[in-house]
Amino acid sequence: MKEENKSASGKVVGGVVFAVGFIGALVFGWVIGPDLLYSQKAQPINFSHVAHQDTTCEDCHAFRPDGTYVGIPKIDKCKECHESQMGQEKSEQILVDEYIQKEREVPWLVYAWQPDNVFFSHAPHQAKGVKCESCHRPVKEEKVVPYFYENRLTGYSKSTMKMVDCEKCHAEQNGSNNCEICHK
């Protein structure tokens, strides 16, 4: 009888230990782990895409004649409209005073930077009429740029495009999912 009680109490203790360990692993994996893996960084200045509704994506994020992307706009592009302050926003004042007047590039943190082993060209996507919002977040609705979450191990953004999303879209559009299409 005592052995049966010991066995039953051992199972209860084992179950409690398992449950506590399982819940602890979930909390670590969902709450603590991501905070440890990613550091939160603010952009050097705020950029309101809402304030730029009178422009298209391509007005600032230009493409070369062959369809390749030229990258994040340089300060000369900003200077075309903001050589002097146009509004009352503090961030625009900083843009003009600290970057345009001093001819310094804004050290933007790039959300969509791809790993070195990935080759991505906007050209074929642009040629197929893929909209910018298909791969990038809907920035036209943003008054404030979101924080940049940098992976402490890789240095890449948490919100960079994921391979699974590329594969899914390629499959839906009858595009190739061969490795060498995207990987060097």
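Definitions and cut-offs
Residues numbered from 1 in each chain as written. Predicted model: local features only at pLDDT ≥ 70, side-chain atom pairs only at ≥ 80, totals over all residues. Heavy atoms only, no water. Helix = DSSP H or I, 4+ residues; strand = E, 2+ residues; numbered from the N terminus. Rg over C-alpha atoms; globule rule 2.2 N^0.38 Å. Buried < 20%, exposed > 50% of the residue type's maximum accessible area, 1.4 Å probe, protein only. Contact = heavy atoms within 4.5 Å. Areas by Shrake-Rupley, 256 points an atom, 1.4 Å probe, with all protein chains shown as cover. UniProt positions renumbered as here; feature names shortened; annotations may be inferred. Salt bridge = Lys/Arg side-chain N within 4 Å of Asp/Glu carboxyl O. Core = buried A, V, L, I, M, F, W, Y, C linked by side-chain atoms within 4.5 Å. Patch = residues over 30% accessible without salt bridge, like charges linked within 9 Å, V, L, I, M, F, W, Y side chains within 5 Å.

1. Description of the overall build of the chain
Per the secondary structure count, the chain includes eight helices and two strands. Secondary structure of the chain in N-to-C order comes out as α-β-α-α-α-α-α-β-α-α. Relative to its length of 184 residues, the chain is extended, with a C-alpha radius of gyration of 24 Å against a globular reference of 16 Å. Here the chain holds 184 residues, and the buried ones make up 18% of them. Intrachain contacts of the chain at a sequence separation of at least 6 include 69% that bridge at least 24 residues. Here the chain displays about 13600 Å² of accessible surface, and carbon together with sulfur accounts for 59% of that area.

2. Structural notes on unusual backbone geometry
In this model, Glu103 sits at a positive phi of 50°, which is unusual for a non-glycine residue. By the element assignment, Glu103 lies in the loop between helix H4 (90-100) and helix H5 (122-127).

3. Quick look at the UniProt feature "transmembrane region" (unreviewed entry) in the chain
According to UniProt, the "transmembrane region" (unreviewed entry) feature falls on residues 12-33. With 100% helix and 0% strand, the stretch residues 12-33 has end C-alpha atoms that lie 29 Å from each other.

4. Section: the pattern of salt bridges
What the rule picks out here adds up to five salt bridges. A salt bridge links Glu150 to Lys41, with the nearest nitrogen and oxygen atoms 2.8 Å apart. Within this pair, whereas Glu150 is found in strand E2 (residues 148-151), its partner Lys41 is found in strand E1 (residues 38-41), the two being separated by 109 residues in sequence. One salt bridge in this structure joins Arg137 and Glu142, with 2.6 Å as the shortest N-O distance. Among the residues examined, Arg137 registers a relative accessible area of 30% and is labelled partly exposed. We classify Glu142 as buried; its relative accessible area is 13%. Look at the salt bridges and you will find they share partners, linking Glu98, Lys102 and Arg104 into a network.

5. Examining the nonpolar core
With seven residues, the main nonpolar core is built from Ile45, Ile75, Leu95, Val96, Tyr99, Ile100 and Val106. Per-element tally for this core: the top contributor is H4, with four residues. If we ignore the near neighbours within four places in the chain, the residues touching Ile75 are Leu95, Tyr99, Ile100, Arg104, Glu105 and Val106.

6. Overview of the side chain of Glu142
Within the element layout of this structure, Glu142 appears in the loop between helix H6 (132-135) and E2. Glu142 has contacts with Phe47, Ser48, His49, Val50 and Arg137, leaving out every residue within four places of it along the chain.

7. What about the environment of Ala171?
Relative to the helices and strands, Ala171 resides in helix H7 (residues 163-172). When the C-alpha atoms of Ala171 and Gln53 are compared, they prove to be 33 Å apart, with 118 residues separating the residues in sequence.

8. Topic: a nonpolar patch on the surface
Judged by side-chain polarity, Phe18, Phe22, Ile23, Val27, Phe28, Trp30, Val31, Ile32 and Leu36 come together as a nonpolar surface patch covering roughly 990 Å² of accessible area. Among the secondary structure elements, Phe18 is positioned in helix H1 (residues 2-37). Residue classification places Phe18 among the exposed residues on the basis of a relative accessible area of 60%.

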